[in-house]
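Architecture and fold: a report
Here are the chains, one letter per residue:
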Amino acid sequence: MVTAEYVSQLSAAGSRYAGRAEERTETARKLDSRGVLHTDEPSRVTRRLERLGADWSLAAAMERTPPLASTGASLDGAVAPEHFGAGVLGLERLMGRNDLIDVGFLEAGWLASRSVGRVVVRGRGAHYGTGFLVSPSLLLTNNHVLRDQEEAGRGVVEFNFQTGADGTAPDPVAFCLEPSRFFATDRDLDFTVVAVAARSTEGKPLSAFGMLPLDEAQGKAILGEMVNIVQHPNGEPKQLALRENRVMDLLETFVHYETDTAPGSSGSPVFNDQWEVVALHHSAVPLTDGDGHYLALDGTRWTPETGEQNLAWKANEGVRVSRVVQALRDLPLTGVPDALRAELLEAATTRLPAGAPFPAAPPFPSAASSAPAWTPAETRTAGEPQTETAAETAGGAGTPGPVPSGTPGVTTGWTVPLRLDLTVVPGTAPAAGPAAVPPAAAPAAAGAPPVPGPEHPHPVRAAGRAPAAAGLGAALVDLEAGTSRPYYDRAADEIARETYYAAVRESMSGASPAELRSLLAELLESSHLRRPAYQPMRLVYPWVDLHPDRRLRSLYSGKSFDPVEFIRADAAAEAARAARWQEFLLRESAPGPGALAAESAALEAALPYNCEHVVPQSWFGRREPMRGDLHHLFACETGCNSFRGNFPYADFPDFGEALRHDCGRREQERGFEPSAGKGAAARATLYFLLRYPGYVGDAARELTPGRLELLLAWHEADPAGEWELHRNAAIGEIQGNRNPLIDHPGWARAVDYSAAWA
């Protein structure tokens with residue numbers, strides 16, 4: 001049935017698509033010339049990489065490695081086969097370097113498809129659509145599939161309407177829709193969410209079909225990425241459109257993609273390769289003739305009487321998941337509907353594999369087999385009480401009523417806007433060496449949830465592993481991938497350097513010292529395209545800070561370390577932080593901002609990373625992008641890190657005769673002088689002054705203009721060598737910007753830094 005609402009959606013989708021022709025042309029040009037990682041906004045690509053468990057360092061390694069003709073794979077030979085897992089394959093698929101997929105993709109797709117059903121509206125105006133479970137109790141489809149409660153009341157959703165592996169079709173499992181318990185719809189966003197009966201007409205549990213949580217976090221898809229569709233086109237048995245569907249435009253509310261999705265697939269979920277729901281498919285973009293009339297498949301003019309299945313189309317449009325979730329959040333609900341909404345929102349924080357709340361389900365069963373029933377107790381995370389679902393607690397199917405305060409299963413979540421930072425209090429220096437976590441801490445940390453903060457913006461687990469373990473594995477893959485790369489390609493770096501400054505070179509000719517500072521500051525900011533969060537285990541140790549012998553040197557002591565040692569030590573520290581943070585939240589039921597900040601500082605001080613910010617974090621309020629800017633991050637064992645604290649750099653005339661520590665000398669009134677790394681520390685600090693003017697020097701114990709001459713002297717006395725040239729090239733690949741004091745040492749004294757201080 002083609003309704004007026006559906007025709008209206010076609011018209012609106014067509015208008016949006018026509019109005020974005022220039023943007024799609026530019027997207028296609030970038031994809032052809034630069035590739036998928038350089039087409040979308042850098043911040044969105046960074047979040048996508050993080051969600052894949054990858055980073056710009058690994059992506060840069062892939063880009064620099066010629067793909068193999070046989071598979072397109074980028075890292076064959078550089079990474080051991082046992083380490084070439086789904087994360088590396090996922091990044092290669094995203095970049096279009098490998099058309100192969102891991103077997104787990106098919107199994108995960110089957111699990112996800114379990115939650116997709118055929119929506120059947122009976123009686124007057126009977127029609128079909130597609131819908132999918134987004135919580136233990138709620139189904140999502142389009143508004144033009146279920147326009148109102150009356151229509152939903154005549155509807156059912158049928159799961160298992162598909163052809164099995166043995167070629168036979170099982171009997172569909174039908175569940176009644178229950179709009180009296182929950183019904184929310186939005187015509188502009190073209191979505192409807194409706195409650196589903198807890199048991200089928202034959203008594204089978206709805207929980208057997210899992211759910212596809214609506215995660216509103218960004219990073220699920222970027223321009224140029226392939227997406228997948230599970231659908232019931234024209235009410236037919238379940239079908240899939242796999243990896244021939246490219247995202248070509250991301251609007252604030254909608255996404256446009258080229259796909260084989262057939263008209264009649266309204267309400268289908270649009271997935272990325274990790275089977276996360278990216279969008280709700282809602283409309284084709286119709287093909288038109290010169291007069292703007294819609295065309296049918298046979299080339300004649302299409303009319304509603306022709307039928308939706310005969311409409312010719314040129315693209316498709318979906319509604320972004322984040323907009324659906326936000327609209328649901330904004331609804332003024334109470335009682336049972338409010339409890340069911342809370343259950344939907346809570347489902348997204350669990351991040352189980354798509355459709356997977358039935359762990360005993362065998363992969364790829366025959367048509368006659370069925371997944372065992374799932375109960376909430378089987379999927380609760382460790383430490384959670386056994387509870388019923390919000391719907392069951394509220395009175396069961398079709399029993400609306402208020403939910404008493406404190407009802408089990410009605411989970412109230414709260415997000416803490418917390419950043420965990422390293423705050424070092426000057427005092428006795430610990431023994432030099434990478435931070436170690438007592439063995440007893442490791443088991444507790446292994447299953448702990450991640451600590452909220454830049455390292456883990458979302459409380460999720462990657463591939464079923466604790467975040468620290470997943471990060472450790474990814475960092476070791478990054479390290480291994482670098483073994484086959486040339487350490488420093490001087491010829492390529494000279495070309496990159498000339499290209500980087502080409503746009504401002506003419507303006508620099510004859511520029512005053514103040515103008516030179518301004519030009520460099522603008523260049524450093526505008527070219528700082530990718531701004532990764534602070535993750536030394538992933539970005540500093542595996543590649544950026546390696547010396548020519550492929551080992552790390554502690555910045556201030558010069559001691560040599562195996563990068564694996566620092567990577568494992570930081571992973572252990574991260575895991576222990578997570579465990580102790582969980583203990584704190586269990587101990588403190590409602591900590592205030594002061595208690596959260598105090599606990600955060602205590603954890604950072606007790607379990608620091610082996611990384612030094614040459615400009616201490618306290619000087620810039622521990623804010624990003626300064627905190628994660630790789631140009632001023634260096635490997636540094638925790639003893640030296642703590643010994644320096646947040647003292648400014650200083651020069652002691654009798655330094656050689658009065659060395660107090662392997663890392664250098666420190667005095668309360670004067671500052672800190674390192675035993676090694678003075679030139680690198682000076683150039684990194686000068687970069688910071690250029691890149692972030694106004695952040696340093698507003699407190700007595702910070703770097704003041706009077707210490708500028710010291711930095712310039714260190715810079716000249718200890719010039720950059722191959723290690724810093726490698727660092728600068730590697731960071732340029734990752735972030736986009738370079739340190740001009742490494743590329744052009746003579747500019748250091750040509751710049752007027754007076755505007756750089758607070």
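The model shown is predicted, which means the values in this text are computed figures rather than measured ones. Numbers given to residues run from 1 along each chain, matching the order in which its sequence is written. Where local features are concerned, this predicted model is filtered to residues with pLDDT of at least 70; where side-chain atom pairs are given and counted, the filter is 80 or more; whole-chain, interface and lining totals use all residues. Heavy atoms from the whole structure form the basis of all side-chain values; hydrogens and water molecules are not counted.

**Here's the deal with the overall build of the chain**
Counting from the N terminus, the helices are the DSSP runs of H or I reaching at least four residues and the strands are the DSSP runs of E reaching at least two. Of the regular secondary structure elements, the chain holds 23 helices and 19 strands. Burial classes: relative accessible area under 20% of the type maximum marks a residue as buried, over 50% as exposed, and values in between as partly exposed (1.4 Å probe, protein chains only). Within the chain, buried positions represent 56% of all 758 residues. In the chain, once contacts between residues fewer than 6 apart in sequence are set aside, the share between residues at least 24 apart is 72%. Here the chain has roughly 30200 Å² of accessible surface; of this, 53% comes from carbon and sulfur atoms. The contact criterion used throughout is that any non-hydrogen atoms of two residues lie within 4.5 Å. Shrake-Rupley sampling with a 1.4 Å probe provides the accessible areas, and residues are treated as covered by the protein chains on show and by no other component.

**Remarks on the pairing of strand β9 (residues 239-250)**
In this description, strands pair whenever DSSP reports at least two bridges between them. Relative to β9, strand β8 (residues 226-231) is paired through five bridges, and the arrangement is antiparallel. For Val 230, the partnering residue across the bridge sits in β9 and is Leu 240. Across four bridges, the pairing between β9 and strand β10 (residues 254-258) is antiparallel. Bridge pairing links Asp 249 to His 256 in β10. Counting the residues between successive antiparallel strands, the hairpin from β9 to β10 contains three residues.

**Notes on the environment of Thr 201**
Tracing the backbone through its elements, the reader meets Thr 201 in the loop between β7 (191-195) and β8. With a relative accessible area of 61%, Thr 201 lands in the exposed category. Once the C-alpha coordinates of Thr 201 and Val 173 are considered, the two residues, 28 residues apart in sequence, prove to be 7.9 Å apart.

**Points about the state of the cysteines**
Cysteine sulfurs are considered disulfide-paired once they come within 2.5 Å of each other. A full pass over the atoms with the stated rule returns one disulfide. The disulfide bridge from Cys 640 ends at Cys 663, spanning 1.7 Å between sulfur atoms. Between Cys 640 and Cys 663 the sulfur-sulfur dihedral comes to about -80°; the bridge is accordingly left-handed. Taken as a pair, Cys 640 in helix α19 (residues 638-644) and Cys 663 in the loop between α19 and β18 (664-667) lie far apart in primary sequence, 23 residues in all. Of the two residues, Cys 640 and Cys 663, neither departs from the other in class, the shared state being buried. Cysteine Cys 636 remains unbridged, with the sulfur of Cys 640 as its closest cysteine sulfur at 4.9 Å. With a relative accessible area of 0%, Cys 636 lands in the buried category.

**Here we look at the sheet that holds strand β3 (residues 138-141)**
Taken together, the seven strands give an open sheet; going across it, the order is β5-β4-β1-β2-β3-β7-β6, and neighbouring strands pair in antiparallel fashion. On the outer flanks of this sheet lie β5 (173-176) and β6 (183-186), each paired with one strand and no other. Across the sheet, the mean angle separating the axes of adjacent strands is 30° when strand polarity is ignored. The sheet contact formed by strand β1 (residues 116-121) and strand β4 (residues 155-159) spans four bridges and is antiparallel. Residue pairing for β4: Val 119 is matched across the bridge by Val 157. Across the sheet, helix α8 (residues 321-329) touches β3, β6 and β7, and the angle it forms with β7 is around 60°. Axes, fitted as lines to C-alpha atoms, cover a helix only where it is in contact. Angles between the N-to-C directions of the axes lie from 0 to 180 degrees.

**Points about the packing of aromatic side chains**
Aromatic rings from Phe, Tyr and Trp, taking only the six-membered ring of Trp, are treated as a pair when their centres fall within 6.5 Å; an angle between ring planes under 30 degrees marks them as stacked, one over 60 as edge-to-face, and anything in between as tilted. For the coordinates displayed, the defined rule picks out 21 aromatic pairs. On the basis of an interplanar angle of 85° and a centroid distance of 5.9 Å, the ring pair of Phe 175 and Phe 209 is categorised as edge-to-face. Here Phe 175, found in strand β5, pairs with Phe 209, found in the loop between β7 and β8; they are 34 residues apart in sequence, far enough to count as distant. Among the aromatic residues, ring-to-ring pairing joins Tyr 556, Phe 643, Tyr 649, Phe 672 and Trp 714 into one connected group. Charge-over-ring placement is defined geometrically: NZ (Lys) or CZ (Arg) within 6 Å of the ring centre, and within 35 degrees of the ring normal. Over the ring of Phe 254 we find Arg 16; its NZ or CZ atom is 3.8 Å from the centre of that ring. When the ring centre of Phe 647 is taken as reference, the NZ or CZ atom of Arg 701 above it lies at 4.3 Å.

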